[in-house]
Structure formats: C-alpha cells, structure tokens
Amino acid sequence: MRCLKNILVLSLAFCLGAWASSSLSASGTSSPGETTILKAADVTAMLFPERVFYQGKTAPTELRNTGGVRFADGAYFLAGLVDSSGYSTAVRSKYQAYLLTEVPVQFGGQEVKAGAYGAGFVSGFFVVTDIGAHDLLRVPSVHDMAIKRPIPLQVLAGSVAGTYRLYRGRDYVEFRRGE
Amino acid sequence: MKITRRALLLSLPFGASAGKLLAQGMGSRRVKAQPKLPASGRPFNAHFVDVAREAGLISPVIYGSPTQDDYIIESDGCGCAFIDYDNDGWMDIFLLTGTRINGAPPGTTNRLYRNNRDGTFTDVTEKAGLQRVGWASSVCVGDYNNDGFEDLFCTYWGQNALYRNNGDGTFTDLTKQAGLWNEGPTRWGAGCTFIDYDRNGHLDLFVSNYLQFDFVHVPKPGADVNCNWKGIPVECGPRGLPFSRQHLYHNNGDGTFTEVSERAGISKTHENYGMTALCADLDEDGWPDIYVACDSTPSLLFMNNHDGTFREEGVLRGVGLNEDGMEQAGMGIGVGDYNLDGHLDLYKTHFADDTNVLYRNDGKGFFDDVTTEAHLGVDTRFTCWGTGIVDLDNDGFPDIFVVTGSVYPRIERQLPQYPSKSPRQVYRSLGNGTFEELAAQAGPAIVEPHSSRGCAFGDFDNDGDVDVLVVNMNEPPSLLRNDMRGSNHWIKVKLIGTKSNRSAIGARVLVHYGKKVQAQAVVSQSSYYSASDSRLHFGLGNEETVDIDIYWPSGALEKLKAVAANQLVTIKEGAGIIPSKGWPATKETPKVGGNK
C-alpha cells in the first residue's frame, strides 16, 4: 500500500512537472540553466508592459517589436520599441525603446544597473537614459549592412559567447551581462 | 543559439500571435532625404495641365474639416476611378466623397461623370443611381457578374456598397442581396480589390479594413500624450486604436458572395492597419496574390496557395518593411516594371519624413528595397498617397507619379515645413534603373499645391498618353491632361476574358519592343484607394511594332507578334485581336505621340 502511495505521489509529481514544463514551452521560455534569446513572440504582456512611464508621461509600447534575453538564472533583459510620437522632437530622437533589466548589463564596456531605461540609436551611437530623459551612457553603435531582412527590433547572439546584439533595424549595439 | 533567417521570420509576431499594439501617431522614420544628383538636362515630353474646371469637374470632394481635423476619419480621404461604364471606349470618371462631422454641405455626393468625348464630362450621378454621402474610402472596379459591364465596389466607414452596372447607364446597389452586408459592429472598410483567387472565372472580392473607429471611444486631439505629433495636439490614430481584419468573399457565380476569410487564411493576420489593396500575380506562378499597404505596421503579402487558401509572407519576401527593417505608413501602391526585366515591381507611398519605397521583384515574388540605388529617396517633405509606375512621356521607360497632402491641416501654423497642401511629384526614369525628380518641367499642374489623396491613371481623351485624375480634399478634383510633345510611340492593350473573368483582372502582360520587355498587370485597385484605366498603356520610344505575351488569369498563355504601335489593341481570350471601341486611330492611320 505504501509502495502504491509512493507511486501515486511520484506520478502526480511527474505530471505536475510535465505540465509546468509544457507551460514554459508554450510561453516560449526555456528551462532553468539555459540562456535563451527571446523573440517578440516570447515577450508577452505578462513580461513587458503595454504602456511605460518616461519623462512625465506614459506612452504605449509595441509588443510586436520586442526582444530580450532570459539568462540561465532566470533573470531577464528585455527591450521593446516605444511609440514616442507624442514627445517633443528632442526627446523622440533618443527615446525609441524601453529597456527593462533585472541584472546589470554592459554596453560597450559601460554598465547600467538593474532597472528601467529609455534608449535609442542616434547618429552612430547607442544612448541609454534614465526615465527622466537624462543621458546615462553613450557608446558607438554599428550599422550592419550585411544583415538580411532586418526587422524593427530584435536581439541576436553576439560575436563571442555571452554577448548579444540589440538591433534596431540595421543598427546594433553589443551587450553582455554585467557583474 | 543560432537563428536562421527563415526560422526567425516565421517566428515573428506579425501574424496572429503578437501582443496588443497600443502605440499612437502616424508612422514616420524621420529620415533625411537623399542628396539629389545634378539635373540630367534631358527634355521631358510629358506636360501636365489641370483641366478639371474646363472639363466640368467643378464639385468639391467633401472630406472632414478643411482647417482642423478632430478625428482620423476626417483625414484619410478617398479614391477615384477611371471606368468605361457605358462601354463606348471612352474613360468616364467616378469620384468618391466623404462628409463632415456636423453634416455634409448640400449637394455632397459621390459622382459619376460621363465622358462627352470632347474633353468635357457630364454629371450623370443621379441618373446612374450612384448618389451617396458618407465616409467613403476606396473604389475597385470589376465585372463581377461577367455581363460585359464593369461594376463598382466602394468601401466605407459603415456599410460598403456593391453597385451592379445594369448596362443601361444605371447601377443598382446589391450589397445586401449579394451577401456583402455587414450585420456586425461598424467596420472601416479601406482597400478593396476584385480577384479571381480560385481561377474559376468569377471575380471574388478582397476588402482590407483600416481600424476600429467610433466617435464615442476615440479621444479628441491632445487628449493624452498619444494624440500628439511632434508635441502638437493632432487627431488620434492609427496607432493606439484597435486593429481590424481583412476579409475575403468568394463569388458563388450567381450574383452572391460567401465570406471565406477564415477558411482562406486571410483573417489570421489581425494586427495591421490595412489600406490600399492590390491583386496581381507577383511570383509568376499563374495565380493571383494580394498585397496590402499597411499604415504604421508591416504591409501584408498574401501568397496564393492554389487551393483556395493564402499564406502571409510580407516580411519574408521583403515587402513588409523597408530596407532598414522599419515599419512604414503604407498608403498607396504602384505596380509596374521600372527596370524592364519583365517582372512586376512595387512602389509604396508613406508619411512625411520618410521615403516612399521601390521594391524590385526578382520574378519569384521576392523583393529588394532599391529606393536608394534608384535615387528615389530625394524628397521626404510630404505625406504621399496616390501613385503609379507609369510611362508618362512614352519613352519606353516607366516613370513614377505621386500625389501628396498633409493629414494635419492645422499643423502648418506651427510647423510651416509641413504644409497642408503640397505639390505632386514626378520621378522621371533615366532608363538605367534610376530616377530624377522633376517639378515645373513636367507642367504647371505638378507644382500646384493641393491636399490630395487618391489618383487614377488613364487616357481620358484617347490621344495616346497617360492623364491623371486626382482627388483633392475639400476642393474639386484635378484632371491632369498630358499635353505630350515629341513623337514617341505607344500601344494600349485591352483584355477581355472568356474562360478568365471578363475584366481579366489578374492578367500579366509582357510587351516586347526593341530589345526591351515590360510587364504590366490588369488590376482592380492600385494607387491610393483608386482604380485606373483598365487599358494597359505602354510607351515605346521609337519602336513601331511590338510582340505581346498575355498570361491570362485562367492560366492560358497567348502570344501576338509584330503588332503595330500607336493603337489600342483589344484582345479577347482565345480569339485574338478584335475591333476596339471608341478609338479613332488604327494601325492604318497611326496617330503618333499624344500631341494636342
């Protein structure tokens, strides 16, 4: 009888585990221990807000133009385009995307801590601002003429392991998880 | 970690799986114009003069407030058509109209003008039974019942309308009887095109819808941060307003239609602001495909699966986004063969601060954005709408024509660089894959500012060149008569289907002249929300004879050899050339050029 009970418990645990696993797969996330690049289809409204606050206003995001990285320990780095058309020209020029990161990340060797930021590609540079529109870092970006069929925003693997590229069309900046 | 391009593209959320879009404001990339090259100094033989008033086109197209739009429904405007409704061989004119929030002025209506064959037109709207006032969007033309008379389908915010041409100068609204009446929530019908997607000889119908709109829920200008443009309050939308869906209706062959959007895979895409719709065989597999210009979202390319279904591959095939991977504010579509390689290329118009885009077709339905190499990114000042890839000067090299106009009539007071009314654009082909923008050199009508929307191309005076009909917001239309100089030759091709649908919509025609070959397609809608002369016009330069290949919608291929230039050839499927109606010139008495 005790043996049967153990089998039932184990079966239940297995089923729950399988259910949990299938739920993760369905949402496009990976199992723990594996770093995964996230495509827009993976970034649902559960992960990324549909409206974000920046310089005294909220603006809508474009969930179809999002991407990110889910690191092996489950921490997220997420990026999504924002419709900043309601902002002044000066703000719009550098506020194109919203970044959410649960861990420090480095762009061109400069680090931003976990938090929410504005970002944009401006004349050959990648600019990160705080949500008050104050510049935090400015690093050179790369214009990739080789990429075929670019899309508005995506994250791809970087040139070496552990690095990633945040693309806005053909422009990209390479980043890695910080310390 | 490696992501192939195909895997990546297939995983993108441009289909059914994306999250909600809650952005706002017309799409604009804020790009700088490409530097212009030095003027070529070549003469341009086309010369456009606006003769609308002399022709009797004096009634304004009413559309929203002339000075201040509060809702996006006031700003998108409508289209027009060249249609030979009485089969006399002369292009008549059909003009849509809108209304105003507080009611349209007396006399506002859609209008049908009969061609008097002397450069003037007579308003026959009432007699024809085509009076209607409402928020009209687009018109597409096709003989859906194969009775030999072209019918009309018009889209609206509200009920769309199917007008059967009775063949006696009148039309009957058969929307309900045909099964096209919408019993559900109000839709904003946008683009439309007749298409025989199953090649059974009966024209089916595709309708794009722009977005979900009502006057109760849409905020007023400046109501929040999303109803602003460059920091100035403007009408809200399209971004921030809910998406709508595209619809496909199958022709039952008995005068009725059945909606097949879901079964055909059309309704899978539902996160796009659909506008102008185009039906053409873009991958040259003998089956018609559908391209939809979409505002502020990826444009759609529905590829025909040959089994009654479609697959959407706009991004995969390079016409969903531009070269830089950016969404654009797709408004109008031109289709033609700019580089004379025998394949149908596409040209799509966009918002101010962005370039229109020329997509080069590789013949298999894959496209490259060649805007920059074609020197077409030289003017980003204006919001662009109606367009066509048409040979304006009959030199044998198709040119590009564009009409423009702001959607924000009040904004010029604060930002004078965005005028409410703006000129037309003519890009003359230099014959080497590049273009040169012309202004007054193409005639006074090109530089006259208007807030234009739809335009249609056709030869209203049957003189062997391409004229242009233009919808202007809250003004009478423009009728740009092409007073061509020089002695270039031309040929027009009119197709009549027998096994194919009678309008031959979906046919692809190759005309060989000299060492050149040019592709054109018979379409039901193009430009912006408009329908052009169904007689395909080919400029030939100095060539005096042509060979013609006709790829009929039925799948049949017909070839004609050594056809004389400077005439309209009417070709009936399976029967070859038959006498043309209404055309004064014959191959025995060639009329050279298009001189007035």
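The coordinates are above.
Residues numbered from 1 in each chain as written. Chains lettered and ligands numbered in written order. Predicted model: local features only at pLDDT ≥ 70, side-chain atom pairs only at ≥ 80, totals over all residues.

1. Thoughts on the pairing of strand E10 (residues 135-140) of chain A
Along any regular strand the residues' side chains alternate between the sheet's two faces. Residues and elements named next belong to chain A. As defined by bridge partners, strand E9 (residues 125-129) adjoins E10 across five bridges and the pair is classed as antiparallel. The residue bridging threonine 129 from the neighbouring strand is aspartate 135, located in E10. Between E9 and E10, which pair antiparallel one after the other, the connecting turn spans five residues, and alanine 133 there sits at a positive phi close to 75°. (Pairing = 2+ DSSP bridges. Helix = DSSP H or I, 4+ residues; strand = E, 2+ residues; numbered from the N terminus.)

2. Quick notes on unusual backbone geometry
Geometrically, the link from B:Gly237 to B:Pro238 is a cis peptide bond, its omega value of 0° lying close to zero. Topologically, B:Pro238 is positioned in the loop between strand E13 (232-233) and strand E14 (247-251). The phi torsion at A:Arg149 lies on the positive side, around 50°, for a residue other than glycine. Position of A:Arg149 among the secondary structure elements: in the loop between strand E11 (142-143) and strand E12 (154-157). A count of 18 C-beta atoms within 10 Å places A:Arg149 in the partly exposed class. The phi torsion at B:Asn462 lies on the positive side, around 50°, for a residue other than glycine. Mapped onto the elements of the fold, B:Asn462 is located in the loop between strand E28 (452-458) and strand E29 (467-472). (Buried ≥ 20, exposed ≤ 12 C-beta atoms within 10 Å, placed from the backbone.)

3. Focus on the nonpolar core
Grouped together as the largest cluster of nonpolar side chains are 169 residues, with contacts concentrated most on B:Cys80 and B:Val139. With sequence-adjacent residues up to four places away left out, B:Val139 is seen in contact with B:Gly79, B:Cys80, B:Ala81, B:Phe94, B:Leu96, B:Leu152, B:Cys154, B:Tyr529, B:Ser530 and B:Ala531. (Core = buried A, V, L, I, M, F, W, Y, C linked by C-beta atoms within 7 Å. Contact = placed C-beta atoms within 7 Å.)

4. A short note on the pairing of E28(B)
Residue and element names in this part refer to chain B. E28 sits mainly inside the fold: seven of its seven residues count as buried. Here E28 pairs with E29 via five bridges, running antiparallel. Looking at E29, one finds that alanine 456 is bridged to leucine 469.

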